Amino acid sequence: MTKSLRGLKFSSVIFTLLISIPMITIFTFLFSGDTENWNHVKETVLFDYIFNTLYIMIGVGLLTTLLGFSTAYLVSIYKFTGSRFFDLALVLPFAIPTYILAFIYNGMFGISGNVTGFILGIFDKNISELPFFWDIQSIEGAILVMSLVLYPYVYLVCRTYLSFESSSIIEAAQTFNLNTWQILKKVIIPISRPAIIAGVTLAIMEAVSDYGTMDYFGVNTFVTGIFRLWEGMGSIEDASKLASILMTFVFILIILERFQRRNKTYKSSGKDFRPITKIQLKGWHNNVAFIICFLPFFFGFLLPFIQLIFWFIESYKTVIDEEFLELLFNTILLGLMSAVIITSIALLVVYNYRMNKDKASSSFVQIIKLGYSIPGAVVAVGILSFFGIINELYLKLFSNSFLVSGTLIAILFGYLVRFISISINNFEAGFNRIPQSYDDAASISGVGSVKTFTKVFIPLIKNSAFASFIVIFIEVIKELPLTMVLRPFDYDTLAIRALELNEQAQTIQSAVPSLFIVLIAMISVIILIKNMKKA
């Protein structure tokens, strides 16, 4: 092994240890003793946390499957009115954070919402006199709101998966005289099952880690409990213990997902691969396909986006000032810094695995990838606990404090732990498309690993690097719980300001920071999709 490769492997070891620290720290609290606060939690709200979290997992899983797979199937297999538009438009809800959609829908359909008020005016009734009124500030409302934003995870994975399937699978099914419904049931759904499970798992993990929606709708979950123990009771130990239980839940979900797809491969692409020839829909079939795709786009993006614009026009003069521009600068700066750091470290780790190809390097990648499965609040609590331990040891040894929590270093480290998995997945896909013969040719020619990296691999993986940068940037812009816990004192972002305004019952004013978040994310999503299609 050359000196440069040894240095590459050593760097991967260091980063793996650093990124796994919050997970290890949190997991140790699972076996800690019970405190008075913890006994109170067990006796009063722990069952609610468990039941509500499971209910949300099941509800979001079912609804995102229905919305995501049905739209991906229609766009991939058929041509209908607006099908090319929906291919892009169905991804746009990804640009709206769940908590912002919750703010908007409560401002429209809540007890005092403008749509609710309009309906009451038409019927000249009080809200208690409406037999059909449903309070959106409920656990079912939270499931609906989150599903409208999270279904693109299922849509994107299934859409990409079906685009790599050959038309021969449908032609083979047609030779057995199977009709459209039978082909869907017996062919398309079975071969798409790994993609559906992968997309739904991502959506469920996002739902479980959500804080803004749950806190705003008053739903007791593990994440809201973690914040109450940490902020309300001032107990980082009990918050860590609750976080360890949630982390166990998430790991069980990951194990079940991987167990489900063990030894299962569905692959029709090969030398005879031909893209699926889309079927032109006509008449009522065309109308039904249009409606199925339009509804999630309308309720997940178009309607809330239009409402944000109206509220923005009404309130921007009272919100946008010098302090607001500083928030905007903080948000964009955090996004850019995090994207650069995370993309660079992920590239180093994946390139180490490419060059060394041993079990240790493979293990480094798998351990690091667990970070995305851990909710932001749990990552934040793990980092706080670890830095607290370091500070105590430093204080004993040197009689001086060593404070890292509450600094930009802490928050960037939190983003690294939380989002590096996304970047690693992008680079793995990019490197997998590069034949091993390129490495062999460089080795035979006597080209060093550094020159091979800069002259051979960098030009070939630039699209993966760009995709990684954009996705990380979007995630950081939208992130709320991790930012709230680890941010420096008096260092706010657009997401935090939007939450604070809503907590002060200023829903209309919260549209200003919310719209900036959505616009930044939307532009980034469009750039990402165009780059993916070009690539």
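Quick note: structure is the one above.
Source: prediction; values computed, not measured.

Another point: the overall build of the chain. In terms of helices and strands, the chain carries 22 helices and 2 strands. For the chain, the proportion of its 535 residues judged to be buried stands at 52%. Surface summary for the chain: the accessible area is close to 25,100 Å², and the carbon and sulfur share equals 65%.

So, about the packing of aromatic side chains. The final tally for this structure, using the stated rule, is 26 aromatic pairs. Relative to Phe298, the ring of Phe294 has its centre 5.4 Å away and its plane inclined at 25°; by these criteria the two rings are stacked. Placement of both Phe294 and Phe298 in helix H13 (residues 283-319) is noted, with a separation of 4 residues, approximately one turn of the helix. Overall, Phe298 belongs to the partly exposed group, its relative accessible area being 22%.

Attention now goes to a nonpolar patch on the surface. On the surface, a cluster of nonpolar side chains totalling about 320 Å² of accessible area is made up of Phe290, Ile291, Leu295 and Phe299. You can see Ile291 is positioned in helix H13. The class for Ile291 is partly exposed, based on a relative accessible area of 44%.

The next point concerns the side chain of Ser423. Along the chain, Ser423 turns up in helix H17 (residues 408-432). The exposure class assigned to Ser423 is buried, which follows from its relative accessible area of 0%. A polar contact of 2.4 Å, which involves the side chain of Ser423, links it to the side chain of Ser468. Discounting residues that sit within four places of it in the chain, Ser423 has contacts with Ile342, Thr343, Ala346, Ser468 and Ile472.

Time to look at the environment of Asn220. By the element assignment, Asn220 lies in the loop between helix H10 (212-217) and helix H11 (222-232). Each C-alpha atom of the pair Asn220 and Thr53 lies 8.3 Å from the other, and the pair is 167 residues apart in sequence. Beyond its immediate chain neighbours, meaning those up to four positions away, Asn220 contacts Asp48, Tyr49, Asn52 and Arg228. At 2.4 Å, the side chain of Asn220 and the side chain of Arg228 are in polar contact.

Another aspect to go through is the packing of helix H2 (residues 36-44) against helix H3 (residues 46-77). The axes of two packed helices give the description: the angle between them and the distance between them. H3 packs onto H2 with a crossing angle of 55° between their chain directions and a minimal axis gap of 4 Å. Here H2 lies oblique to H3, going by the angle between them. Across from Val41, Lys42 and Thr44 in H2, the residues of H3 making contact are Leu46, Asp48 and Tyr49. For the contact of H2 with H3, a count of residues per class yields 3 nonpolar, 1 polar and 2 charged.

What follows deals with the nonpolar core. As a rule of thumb, soluble globular proteins bury nonpolar side chains together. The biggest cluster of nonpolar side chains holds 162 residues, and the ones touching the most others in it are Ile56, Phe80, Tyr105, Tyr415, Ile420 and Phe431. Among the elements that take part in this core, helix H7 (residues 139-163) stands out by supplying 14 residues, more than any other. If sequence neighbours within four positions are ignored, Tyr105 has contacts with Gly110, Ile136, Val145, Leu148, Phe299, Gly300, Leu303 and Pro304.

So, about the environment of Tyr155. With respect to the element layout, Tyr155 can be found in helix H7. With residues near it in sequence (within four places) discarded, Tyr155 still touches Gly68, Thr71, Ala72, Val75, Phe86, Asp87, Leu90 and Val91.

As a further point, take the packing of H3 against H13. H13 packs onto H3 with a crossing angle of 135° between their chain directions and a minimal axis gap of 10 Å. Here H13 runs oblique to H3, going by the angle between their axes. Viewed along their axes, H3 and H13 form a crossing whose handedness is left-handed. When H3 is examined against H13, the residues Leu67, Ser70, Thr71, Leu74 and Val75 are found in contact with a partner set consisting of Ala289, Ile292, Cys293 and Pro296.

The rules behind the values
- Along each chain, residue indices are assigned from 1 in the same order as the chain's sequence is written.
- Totals for whole chains, interfaces and linings use every residue, but because this is a predicted model, local features are given only for residues with pLDDT of at least 70 and side-chain atom pairs only at 80 or more, for both listing and counting.
- Hydrogens and waters are ignored; side-chain quantities use all the structure's heavy atoms.
- Here a strand is any run of E in DSSP of at least two residues, a helix any run of H or I of at least four, and the numbering for each starts at the N terminus.
- Three labels apply to residues, based on accessible area from a 1.4 Å probe with only protein chains included: buried if under 20% of the type maximum, exposed if over 50%, partly exposed otherwise in between.
- Residue burial considers only the protein chains on display, and all accessible areas are found by Shrake-Rupley using a 1.4 Å probe.
- When two rings of Phe, Tyr or Trp (its six-membered ring) have centres within 6.5 Å they constitute a pair, described as stacked for plane angles under 30 degrees, edge-to-face for angles over 60, and tilted for the intermediate range.
- Every patch collects residues that have over 30% relative accessible area and no salt bridge, joining them within 9 Å if they carry like charges and within 5 Å if they are nonpolar side chains (Val, Leu, Ile, Met, Phe, Trp, Tyr).
- When a carboxyl oxygen of Asp or Glu is within 4 Å of a side-chain nitrogen of Lys or Arg, the pair counts as a salt bridge.
- Two N or O atoms form a polar contact when they lie within 3.5 Å of each other; inside protein one atom must be a possible hydrogen donor and the other a possible acceptor, and for residues adjacent in sequence the pair counts only when both atoms belong to side chains.
- Contacts are residue-level and defined by heavy atoms, with any inter-residue pair within 4.5 Å sufficient.
- Orientation is described by axes fitted as lines to C-alpha atoms, over the contacting stretch for helices, and by angles from 0 to 180 degrees between their N-to-C directions.
- Each angle receives one of four descriptions, namely roughly parallel if under 35 degrees, roughly antiparallel if over 145, roughly perpendicular if within 65 to 115, and oblique otherwise.
- When residue character is reported, Ala, Val, Leu, Ile, Met, Phe, Trp, Tyr, Cys and Pro are called nonpolar, Asp, Glu, Lys and Arg charged, and the others, Gly included, polar.
- In this text, buried Ala, Val, Leu, Ile, Met, Phe, Trp, Tyr and Cys residues form a nonpolar core when linked through side-chain atoms within 4.5 Å.
- What makes a crossing left-handed is the near helix being turned counterclockwise from the far one by less than a right angle; a clockwise turn instead makes it right-handed.

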